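Listed below, chain by chain, are the residues.
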Amino acid sequence: MNFGLSRVLVTGGAGFIGSHLVDTLVAEGCDVVVLDNLSSGSLSNLKHVKDKITFYKGDIQDQKILMEAAKNCEVIFHQAAMVSVTKTVDNPVDSAFINDMGTLFVLDAGRKNKVKRVVLASSSAVYGDDPLLPKHENMPLKPMSPYAVQKLTGELNARIYHDLYGLETVCLRYFNVYGPRQDPSSPYSGVISIFMTKAVSKKPPVIYGDGKQYRDFVFVKDVVKANLLAATEDDAAGQIFNIGTGKHVSINNLWDMISLFSGLKIEPEYIPSRPGDIIESVASIEQAKSALGFEPDYLFEKGLEITFKWYKDSRK
Ligand code: UD2
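Residues numbered from 1 in each chain as written. Predicted model: local features only at pLDDT ≥ 70, side-chain atom pairs only at ≥ 80, totals over all residues. Heavy atoms only, no water.

### Looking at the side chain of N45
Okay, step 1: Relative to the helices and strands, N45 is located in the loop between β2 (31-36) and β3 (53-57).
Okay, step 2: Judged by relative accessible area, N45 falls into the buried class, the value being 11%.
Okay, step 3: In contact with N45, other than residues within four places in its own chain, are A14, G15, F16, S19 and R181. (Helix = DSSP H or I, 4+ residues; strand = E, 2+ residues; numbered from the N terminus. Buried < 20%, exposed > 50% of the residue type's maximum accessible area, 1.4 Å probe, protein only. Contact = heavy atoms within 4.5 Å.)

### As for helix α5 (residues 146-165)
Okay, step 1: With 20 residues, α5 ought to run about 28 Å at 1.5 Å a step, and its terminal C-alpha atoms sit 27 Å apart, in line with that.
Okay, step 2: Where α5 ends, the next residue or the one after it, G166, has phi of about 70 degrees, a positive value. (Expected span 1.5 Å × (residues − 1).)

### Some details on the pattern of salt bridges
Okay, step 1: Scanning the model with the defined rule gives 16 salt bridges in all.
Okay, step 2: Among the ionic pairs, R215 bridges to D277, the shortest N-O distance being 3.0 Å. Here R215 is found in strand β9 (residues 214-215), whereas its partner D277 is found in the loop between β13 (269-271) and α9 (286-292), with 62 residues between them in sequence.
Okay, step 3: According to the relative accessible area criterion, R215 is buried, its value standing at 12%. (Salt bridge = Lys/Arg side-chain N within 4 Å of Asp/Glu carboxyl O.)

### Overview of the site of the ligand
Okay, step 1: If you check the shell around the ligand, you find 19 residues, and the closest are N176, V191, V206, R215 and D277.
Okay, step 2: Within the backbone of V191, one N or O atom sits 2.7 Å away from an oxygen atom of the ligand.
Okay, step 3: In isolation the ligand exposes 730 Å². Once the protein is present, 85% of that is buried.
Okay, step 4: Every element with two or more residues in the shell around the ligand is listed here: α6 (191-200) and β8 (206-208).
Okay, step 5: Residues belonging to the shell around the ligand are distributed by class as follows: 11 nonpolar, five polar and three charged. (Near = heavy atom within 4 Å. Polar contact = N/O pair within 3.5 Å; in protein donor to acceptor, adjacent residues only side chain to side chain. Areas by Shrake-Rupley, 256 points an atom, 1.4 Å probe, with all protein chains shown as cover. Nonpolar A, V, L, I, M, F, W, Y, C, P; charged D, E, K, R; others polar.)

### Concerning the side chain of S284
Okay, step 1: With respect to the helices and strands, the residue S284 is situated in the loop between β13 and α9.
Okay, step 2: Sequence-distant contacts of S284, defined by excluding residues within four places in its chain, comprise P134, K135, H136, E137 and N242.

### Describing the environment of L9
Okay, step 1: Within the secondary structure, L9 is located in strand β1 (residues 7-11).
Okay, step 2: Distance from L9 to V22, taken between C-alpha atoms, is 9.2 Å for residues 13 residues apart in sequence.
Okay, step 3: When near neighbours in sequence (up to four residues on either side) are disregarded, L9 contacts V33, V34, L35, L66, A69, A70, C73, V75, I76 and F77.

Any functional reading would require information that these geometric values do not contain.
Encoded structure:
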């Protein structure tokens, strides 16, 4: 792939998804600037590229540093956020400063710096628990947490900046992203990161409910690919796209597959469902296919294998 981007800014570039994006942008020969306050990201995610990027330790709410970081950039990839839904539930106001105002500052830095395009990380959380499947971009939205409302607000502001100011914006609604570097440390971390940690330490996982609930798990490298397409495809400006695989895997199935990698058969512990847990979630990726030419490269088995190896190696 040759995307031909020159200078780019990745907010949240030291985080799970952001750092994978940085890796690919560096490999593509881009001049990469990272802005991260290291609240949930880590410099260890960037150690192999640290001499090839410009790193600003700072917050997206600091307009001065944001303006400096965005200077002469062609594209901004906005990944920085308070990413924990639970934290936004506990701190609806503080999280709004980061996720709402922070995103507005990023859009405004893009406008003032005459950046060509801003690609924003949104979330499937905006769909809430509407039972209609697969989730498609034009269905009614039902945000059910401050996090989901904040992601939706970011999408609406992106549209305003596109329509009023001519800033090209593209919003990507990520489904359940997984892969190396995902932090497993909280009970609300992504299920794959938690199950991987259990498998490598030979401990049983906890499954909420009957385990028949399912998700559309998308490998982080495919999310990176979607970001690059969103940054460069002419037709993408002003649009919103689901980024998933269009396929789903149940939580029971997920543990069975991870067990195969570990070579152990450990019975999970079943406990009652999480309150408000969504039963079924799968993306329609038709719009991303037709407008971006997006097609996931990683079969679930492949992505899971790479991820398992990473958790195994990082335990050593
Ligand atoms: C995802 C997002 C969340 C929010 C939400 C909106 C991730 C990591 N989380 O939550 O940020 O956008 O979608 O819908 O992408 N589970 C277990 N055992 C565990 C952990 C989880 O059984 O130890 C189950 C959990 O009950 C759920 C499923 O696994 O049914 C997926 O859980 P999750 O927290 O990884 O993701 P999700 O879709 O609930």
